[in-house]
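Listed below, chain by chain, are the residues.
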Amino acid sequence: KCRSRLAVRPHSGRAVLFYSQHPNGEEDKSSLHGGCPVLEGEKYAANLWVWNTIRDGYPGAPRNPRAAAKKSPSQDTTVKKKTATFTNTGSNPLFDKAELYYGENQFWAKLGKGSGTISVNTWEGHVWTLKVGGKLMKRWIIREGLRYNYKI
């Protein structure tokens, strides 16, 4: 037997999602978990870790007391979400196979010829880059203002 108070039966194509922290950033000790041994067939597993940090910029943001004690980059709760759109007009063949990245290495979307417009929520200081064949072609840094429309 391999059971505890909660057991999830395996089914092809299904996943289990759980949080290891409470909304206020405290550790959720009830998230302790383990896996049962495979008795028949095969078991595939994949982990996706998402780390939440202090999110300045909106009132009532949850705070982890240990992290909140550290100096935060900004305590300004007036910061507003910004919107940026990226459009490949198709006028420059150099950008026919362009790709949009958040920062330098986080692939976001294909932005090649005929890809349509990509709309993103973003914040001041975010960096968006355009690459073709892995080569950096353009870089945009979000500054003041609420809306940005970039065309290549």
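In this text the structure is predicted, and so the values were computed from the model without any measurement.

### Brief notes about the overall build of the protein chain
Okay, step 1: On a plain count of helices and strands, the protein chain comes out with one helix and seven strands.
Okay, step 2: Taken over 152 residues, the protein chain has a buried fraction of 24%.
Okay, step 3: Considering only residue pairs separated by 6 or more positions, the protein chain has 52% of its internal contacts joining residues 24 or more positions apart.
Okay, step 4: Carbon and sulfur atoms form 52% of the exposed surface of the protein chain, whose accessible area is close to 12500 Å².

### Considerations on the pattern of salt bridges
Okay, step 1: Going through the model one piece at a time under the given rule, you end up with two salt bridges.
Okay, step 2: The partner of K110 in a salt bridge is E99, and the shortest N-O contact between them spans 3.7 Å. Linking K110 in strand β3 (residues 106-110) with E99 in strand β2 (residues 98-102), this pair joins segments that are 11 residues apart in sequence.
Okay, step 3: Given a relative accessible area of 56%, K110 falls into the exposed group.

### Looking at the pairing of β2
Okay, step 1: Where burial is concerned, most of β2 is hidden: four out of the five residues are buried.
Okay, step 2: Sheet analysis places β2 next to strand β5 (residues 127-132), joined by five bridges and oriented antiparallel. Looking at the pairing, E99 lines up with K131 of β5.
Okay, step 3: Judged from the four bridges that link them, β2 and β3 form a sheet pairing that is antiparallel. Across the sheet, L100 pairs through a bridge with A109, a residue of β3.
Okay, step 4: The antiparallel hairpin formed by β2 and β3 contains three residues in its connecting segment, where G103 sits at a positive phi of about 70°.

Rules behind the numbers
- Residues numbered from 1 in each chain as written.
- Predicted model: local features only at pLDDT ≥ 70, side-chain atom pairs only at ≥ 80, totals over all residues.
- Heavy atoms only, no water.
- Helix = DSSP H or I, 4+ residues; strand = E, 2+ residues; numbered from the N terminus.
- Buried < 20%, exposed > 50% of the residue type's maximum accessible area, 1.4 Å probe, protein only.
- Contact = heavy atoms within 4.5 Å.
- Areas by Shrake-Rupley, 256 points an atom, 1.4 Å probe, with all protein chains shown as cover.
- Salt bridge = Lys/Arg side-chain N within 4 Å of Asp/Glu carboxyl O.
- Pairing = 2+ DSSP bridges.

Taken by themselves, the reported measurements are silent on function.
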